[in-house]
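# Breakdown of the fold
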Amino acid sequence: MAGDIEESVVAGDGSTTTEEVKPYKIHVSSRYLNLTRQKLEIARLPHEFDEPKSKDWWQPKSQVEPLIDFWLEQYNWRDQEEILNALPQSRTAFTIAQSESPIRLHFIHVPSPRANAIPLLLIPPFPFSSLSVGHLVKLFTEPEEANHQPFHLVIPSLPGLGFSDALPTNSPVISSTAELLDALMKRLGYPHYLLTNAGAGSLSPAQIDYKLADWLATRYSDSCLGTHLISPPLARPRAREAPLGWAKWSVARFFEASILGYRTEDYKALRRSGISPRKTATSSTTAPKCARSGMGLAEPNTLSYALCDSPTGLLVFAMKGLRLLAPRKEFSPTEIINFTQLAWLPGPEAALRIWAHCVQHPEHSVDGKKQRRSHGKPRVALTVFLGDHEKGAGGTSSGSGEGPVEVGFDGPKPAYSCPAWAATSYDVLHVHRVSGDASLLAWERPELIAAGVRELAAAVLRVNRQLQPAGRAETAHAAVVSEAGPGAQEQEPGQTSSEQPRLEQGLLAPPSQPMRKSSDDATKVASNDTLATGDKIASSLPATPSPIAV
């Protein structure tokens with residue numbers, strides 16, 4: 001059916017080599033939009049009794065019907081398309097061993113106009129695409145505070161999400177995606193860069209966000225020089241694997257004192273999340289409902305067939321996901337439908353298959369210990385949430401909100417990510433302990449993501465002076481409960497490091513050459529690096545039927 005409603009608009013002659021980076025604009029077929037409207041008009045909703053309300057499950061009909069009416073009568077995709085196309089989007093193709101055809105990655109790339117900017121790879125929270133977090137661009141590229149570190153920002157859509165091609169069936173998702181993202185940064189002229197999650201790793205379905213960041217930090221430490229992890233799923237140190245870490249934890253938890261990297265806030269946060277510091281269990285964090293639910297995981301295609309044919313079904317699925325991840329956040333009707341459209345247009349099946357694959361075939365860094373021994377532990381900054389439902393710094397909402405949580409969305413929270421536990425696997429340069437819950441940070445508390453990345457940049461530049469770009473602006477410290485990790489220098493809020501000697505331009509310095517080379521029909525980027533597994537260069541890309549113009 002998709003082939004019957006496609007309106008192809010191809011720039012130039014339609015050919016693209018795997019070395020080219022081409023500008024990309026969204027243009028959805030009018031026939032496909034009309035088909036979507038027809039499906040909404042004939043939607044058949046389940047029967048629900050108004051009274052009494054169920055005590056066991058969610059009854060969304062009273063919320064779904066107004067949204068369908070809004071979608072049909074007020075929502076205009078062309079207006080949203082115009083807004084999204086204001087973002088500088090591109091696509092580029094890579095050849096990988098598992099695929100006969102190149103894999104095209106869709107991404108947002110916004111170089112900062114500031115001379116002291118450094119490269120940053122921001123991974124959207126799964127299953128959102130790059131377009132869903134486009135509102136974060138200016139926060140990183142042109143921060144309002146003059147002394148805040150700016151970044152050249154790259155936000156990719158993971159393979160199969162948004163307008164990126166899906167990986168071939170049975171491909172290892174985490175390792176293949178990490179390889180593509182590292183190659184993307186090098187192709188854009190960033191041989192060294194920083195990395196950040198945009199969501200909590202312990203809230204991510206199948207912990208995809210965390211595993212991807214961890215893989216890049218561990219396996220690509222020569223290029224990924226520092227990683228900002230948000231609420232990563234951490235386990236207590238074990239005597240056999242980390243005897244020193246286990247000994248520190250044993251002493252600290254016995255006295256429950258602020259010693260050996262632990263703080264009194266840690267013990268309180270562990271208890272709030274259902275873990276007693278006195279117990280000796282070594283289990284890691286408890287996955288939330290959205291991460292451990294079997295829905296769509298054991299066999300994703302059944303649900304894929306249902307959702308691919310029903311925009312209403314996908315709308316309800318999106319609503320439930322938003323409620324699970326941010327039960328007290330009120331998104332506008334336009335925001336909810338935008339989330340749904342960005343999954344509906346390319347199809348939701350790839351996201352479900354990624355989720356299922358990562359649950360059934362978890363990829364562990366088998367050589368992680370060898371990698372750390374040969375290259376050292378990856379440098380990270382951590383942002384963790386205390387779950388105390390208080391106001392954050394500056395009166396910022398902590399994500400706790402007001403009012404009760406709806407039936408069906410009050411499941412167990414993930415366990416607290418105790419920062420000192422990370423020292424087993426990482427070189428922890430800085431820690432933010434923040435009031436409240438993680439929830440959907442990219443929409444509720446995006447300033448915390450930016451603050452964590454700024455602290456990471458400052459810490460990396462402190463411990464490795466060769467990385468300091470000339471003329472780098474001093475970075476400000478976030479006004480939240482924070483701690484300098486092992487190896488980092490303590491610095492009080494407002495304190496500058498003017499006493500430090502001026503350093504030479506280094507690996508994280510702004511590129512001395514222009515980022516892009518423009519041509520008449522496309523924007524091209526020179527690249528000295530391609531994927532190690534891809535020696536082939538395809539002369540053209542396959543014309544896959546789609547409602548989206550390529």
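No experiment lies behind these values; they were computed from the predicted model shown.

Attention now moves to the confidence of the model for the protein chain. In this model, the protein chain carries an average pLDDT of 77, and 71% of its residues clear a pLDDT of 70 or more. Confidence drops under a pLDDT of 50 for residues 470-506, and excluding neighbours within four residues, the segment shows 85 contacts in the predicted structure.

A word on the pairing of strand S5 (residues 151-156). Summarising burial for S5: 6 of the 6 residues are buried, a large majority. Here S5 shows two buried faces, one formed by Phe-151, Leu-153 and Ile-155 and the other by His-152, Val-154 and Pro-156. Relative to S5, strand S3 (residues 103-110) runs antiparallel, the two sharing 4 bridges. Bridge pairing in S5 places Ile-108 opposite Ile-155. In this sheet, S5 lies alongside strand S4 (residues 118-123) in parallel orientation, the contact comprising 4 bridges.

Residues Val-251, Phe-254, Phe-255, Ile-259 and Leu-260 make up a contiguous nonpolar surface patch of about 470 Å² in total accessible area. Relative to the assigned elements, Phe-254 resides in helix H7 (residues 243-255).

Within the structure shown, the criterion is met by 9 salt bridges. Residue Asp-309 pairs with Lys-39 through a salt bridge whose shortest N-O separation is 2.7 Å. Here Asp-309, found in the loop between helix H10 (300-308) and helix H11 (311-325), pairs with Lys-39, found in helix H1 (residues 30-41); they are 270 residues apart in sequence, far enough to count as distant. Judged by relative accessible area, Lys-39 falls into the buried class, the value being 19%. For Glu-256, the salt bridge identified is with Arg-271, shortest N-O distance 2.6 Å. In this pair, Glu-256 sits in the loop between H7 and helix H8 (264-272) while Arg-271 sits in helix H8, placing the two residues 15 residues apart along the sequence. Residue classification places Arg-271 among the partly exposed positions, given a relative accessible area of 43%.

Let us look at the packing of aromatic side chains. With the rule as written, the count across this model stands at 11 aromatic pairs. Arranged with centres 6.1 Å apart and planes meeting at 35°, the rings of Tyr-32 and Trp-344 form a pair that is tilted. You can see Tyr-32 sitting in helix H1 and its partner Trp-344 sitting in helix H12 (residues 333-344), a full 312 residues away along the chain. The same class applies to Tyr-32 and to Trp-344, which are both buried. An aromatic cluster is defined as three or more aromatic residues linked by ring pairs; in this entry it consists of Phe-128, Phe-331, Phe-339 and Trp-443. Between Lys-329 and the ring centre of Phe-331, over which it is positioned, the NZ or CZ distance is 5.4 Å.

We now examine H8. Turning to H8, its buried residues are Asp-266, Tyr-267, Ala-269 and Leu-270. Seen along its axis, H8 keeps its buried residues to an arc of 165°; they face one direction. The inward-facing, buried residues of H8 abut H7 and strand S9 (427-434). Remark: Gly-274 follows H8 within two positions and exhibits a positive phi of approximately 90°.

All right, on to the environment of Thr-340 then. Structurally, Thr-340 is set in helix H12. Under the relative-accessibility criterion, Thr-340 is labelled buried at 1%. On a C-alpha basis, the gap between Thr-340 and Phe-317 in space is 8.7 Å, while along the polypeptide they are 23 residues apart. Within polar-contact distance, the side chain of Thr-340 engages the backbone oxygen of Ile-336 at 2.9 Å.

As a further point, take the packing of H10 against helix H13 (residues 349-360). Direction vectors running N to C along H10 and H13 enclose 160°, while the axes themselves pass 9 Å from each other. By the criterion of interaxial angle, the relationship of H10 to H13 is roughly antiparallel. Taken as a pair, H10 and H13 cross one another with a handedness that is right-handed. Two secondary-structure elements touch here, H10 through Pro-300, Asn-301, Leu-303, Ser-304, Leu-307 and Cys-308 and H13 through Glu-349, Leu-352, Arg-353 and Ala-356. Grouping the constituent residues of the contact of H10 with H13 by class yields 6 nonpolar, 2 polar and 2 charged.

Trp-77, Phe-140, Leu-194 and Leu-216 are the most contacted members of the largest nonpolar core, which totals 131 residues. Non-local contacts of Phe-140, meaning those with residues more than four positions away in its chain, are made with Leu-120, Leu-122, Gln-149, Pro-150, Phe-151, Leu-153, Ile-449, Ala-450 and Val-453.

Cut-offs applied
Residues numbered from 1 in each chain as written. Predicted model: local features only at pLDDT ≥ 70, side-chain atom pairs only at ≥ 80, totals over all residues. Heavy atoms only, no water. pLDDT = per-residue confidence, 0-100. Contact = heavy atoms within 4.5 Å. Buried < 20%, exposed > 50% of the residue type's maximum accessible area, 1.4 Å probe, protein only. Helix = DSSP H or I, 4+ residues; strand = E, 2+ residues; numbered from the N terminus. Pairing = 2+ DSSP bridges. Patch = residues over 30% accessible without salt bridge, like charges linked within 9 Å, V, L, I, M, F, W, Y side chains within 5 Å. Areas by Shrake-Rupley, 256 points an atom, 1.4 Å probe, with all protein chains shown as cover. Salt bridge = Lys/Arg side-chain N within 4 Å of Asp/Glu carboxyl O. Phe/Tyr/Trp six-rings, centres within 6.5 Å; stacked < 30°, edge-to-face > 60°. Lys NZ or Arg CZ within 6 Å of the ring centre and 35° of its normal. Arc of directions from axis to C-beta. Polar contact = N/O pair within 3.5 Å; in protein donor to acceptor, adjacent residues only side chain to side chain. Axes fitted to C-alpha atoms, helices over the stretch in contact; angles between N-to-C directions. Parallel < 35°, antiparallel > 145°, perpendicular 65-115°, else oblique. Left-handed = near helix turned anticlockwise from the far one by under 90°. Nonpolar A, V, L, I, M, F, W, Y, C, P; charged D, E, K, R; others polar. Core = buried A, V, L, I, M, F, W, Y, C linked by side-chain atoms within 4.5 Å.

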